[in-house]
Structure formats: structure tokens, C-alpha cells
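For reference, the chains in residue letters:
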Amino acid sequence: MPGILLGDVFPNFEADTTIGKIKFHDFLGDSWGILFSHPRDFTPVCTTELACAAKISNEFKKRSVKMIALSIDSVEDHKGWSKDVMAFNSEGETPLPFPIIADDKRELSVQLGMLDPDEKDKDGMPLTARCVFVIGPDKKLKLSILYPATTGRNFDELLRVIDSLQLTAQKKVATPVDWKPGDEVMVIPSLSDAEAASLFPSGVTTKDLPSGKKYLRYTKV
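- An unreviewed UniProt entry lists the protein under the name Peroxiredoxin-6, with Amphiprion percula as the source organism.
- Quoted verbatim from the Sequence similarities (unreviewed entry) field of UniProt, the annotation for the protein is "Belongs to the peroxiredoxin family. Prx6 subfamily."

This is the structure we're talking about:
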């Protein structure tokens, strides 16, 4: 797994990107952030992923999430590849709506534990895996997902988990399997029934179980 753990402060790295040099925490400001890495520019799966991310970038913006990608090629390569990505979306005249980090020396990939030892370039150097990091406004890592180079990501799922992360950061609830916004949520076990009744005036329902334990408590928020 990546070299940074949930709850860790995400490194405030400096990097060259397609919008110039950035310092990561300054780039994020008070927003949430998502950083997703790609094995290489001008490759098929990566192109479909970036195109999808660009197409739904307004969904991330609605959630106050700043997007940034990373690949182990140069800024110039990224700029050329960005044109292919937007052409794939039939938006060839539109710029890519988020920056791409140039990690051609693999320094950031090593720092964050993003290299995939099973996928190598023509020189035998490892490529980056498909990592996803979601960072909160407190600059701490809230979610990490690691995919192999051969498997493209599901960006609808990334939006779903961001909705869950943002909801559970504000409310004393957890989201059950396959939860989507608008569905019932679960009251966290550390809340007493009295506290739950006070916090959730819309009501709490409890599912009866053979054990007799009252831990499956649902509510609407």
C-alpha cells in the first residue's frame, strides 16, 4: 500500500505541473483534494481515465474538491497528452480542467509509495500504479485506493466515497454497503440511544437481530 497512512498529514511537496510550479497545500487552500496517478502519458487506459475525470470535473467542483493528476513524464509531454485527452471527449479546443504533475524523476512516486514493481517501461524502470488519494481540508489523508496499471478506475465510485467522507466528517454516522446520497445512514456504535435520539430528530430505527444486540441503527440526514 502507499507510503502514507490514513490520518497522516499529506506531504506539502513542491512540483512542476501543467499550470506551473505548485506547493501542494497552497494549491489545495481550504478545499478537499483528490490526487490520482497514472503510469504513463499517451497510453490507452490512462487516456480514458483522464477523459472521464475531465468530463465530470464539475461534479468534483460542486463538492469543493480540487483535482490534480500525476504521471512520470515531463510537463511538455503532459501538455501534448492533454490535447489527446480532450479530443477523446470531442472537446479538442477545451483545455484540461485540472493540472498534471510532472514526476519524471519519480521522486514523488517513491515518496508516496506509488510505484508498481510489475509494470516497467522500455528501460526496465517501474511505472506508477493507479493510486487515488483524497485529502481533507485539514490536509490529512482521508482515503487511498491502489489499482494495478492494467485496471482503470471507476470515477462514479470516487464521487460516492467523497460524498460519504464529507457527510461522515460532519455527522456522527457511517454509510452502509452500496450507500448513495439520499439513502439511510447508520448511527455510529459509540452513540447511546439517548444521544442518537437527540442528534437525529427525524428518528432512528433499529433492526431486530437473533443476537438481540441493537447495533443496526438507521436514520436519515
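### Quick look at the overall build of the protein
Stage number 1. Of the regular secondary structure elements, the protein holds 7 helices and 13 strands.
Stage number 2. By its C-alpha atoms, the protein is 60 × 35 × 30 Å across when sized along the principal axes.
Stage number 3. Long-range pairs, those at least 24 residues apart, make up 61% of the contacts in the protein between residues at least 6 apart in sequence.
Stage number 4. Averaging the coordinates of the 28 positive side-chain charges in the protein and doing the same for the 32 negative ones gives two points 6 Å apart.

### Details of the state of the cysteines
Stage number 1. Counting across every chain of the model gives 0 disulfides.
Stage number 2. Residue Cys52 stays outside any disulfide, its sulfur separated by 13 Å from that of Cys46, the closest cysteine.
Stage number 3. Here Cys131 stays unpaired: no disulfide links it, and the sulfur of Cys46, its closest cysteine neighbor, is 12 Å away.

### Quick look at the domain arrangement of the protein
Stage number 1. Once the domains are mapped, the protein shows domain 1 (8-153) and domain 2 (171-219).
Stage number 2. Look at where the C-alpha atoms of domain 1 and domain 2 centre, and you get two points 36 Å apart.

### Looking at the UniProt feature "active site" (unreviewed entry) in the protein
Stage number 1. Here, UniProt's "active site" (unreviewed entry) annotation points to Cys46.
Stage number 2. Setting aside residues up to four positions removed in sequence, Cys46 forms contacts with His38, Pro39, Arg40, Trp81 and Arg130.

### Some thoughts on the layout of surface pockets
Stage number 1. Roughly 240 Å³ of volume is contained in the largest pocket.
Stage number 2. Looking at the largest pocket, it is lined by 13 residues, and the ones nearest its centre are Glu14, Ala15, Ala102, Asp103 and Glu107.
Stage number 3. Elements supplying a minimum of two residues to the lining of the largest pocket: strand E1 (14-17), strand E5 (100-102) and helix H5 (107-111).
Stage number 4. Its residues assigned to classes, the lining of the largest pocket shows 5 nonpolar, 1 polar and 7 charged.

Definitions and cut-offs
Residues numbered from 1 in each chain as written. Predicted model: local features only at pLDDT ≥ 70, side-chain atom pairs only at ≥ 80, totals over all residues. Heavy atoms only, no water. UniProt positions renumbered as here; feature names shortened; annotations may be inferred. Helix = DSSP H or I, 4+ residues; strand = E, 2+ residues; numbered from the N terminus. Contact = heavy atoms within 4.5 Å. Lys, Arg positive; Asp, Glu negative; His and termini not counted. Charge placed at Lys NZ, Arg CZ, Asp CG, Glu CD. Disulfide = S-S within 2.5 Å. Domains from an automatic or database assignment. 1 Å grid on protein atoms, 1.4 Å probe; cavity = no way out; pocket = protein on both sides within 12 Å on 5 of 7 lines; lining within 4 Å. Points joined across faces, edges and corners; volume = space filled by probe spheres on them. Nonpolar A, V, L, I, M, F, W, Y, C, P; charged D, E, K, R; others polar.

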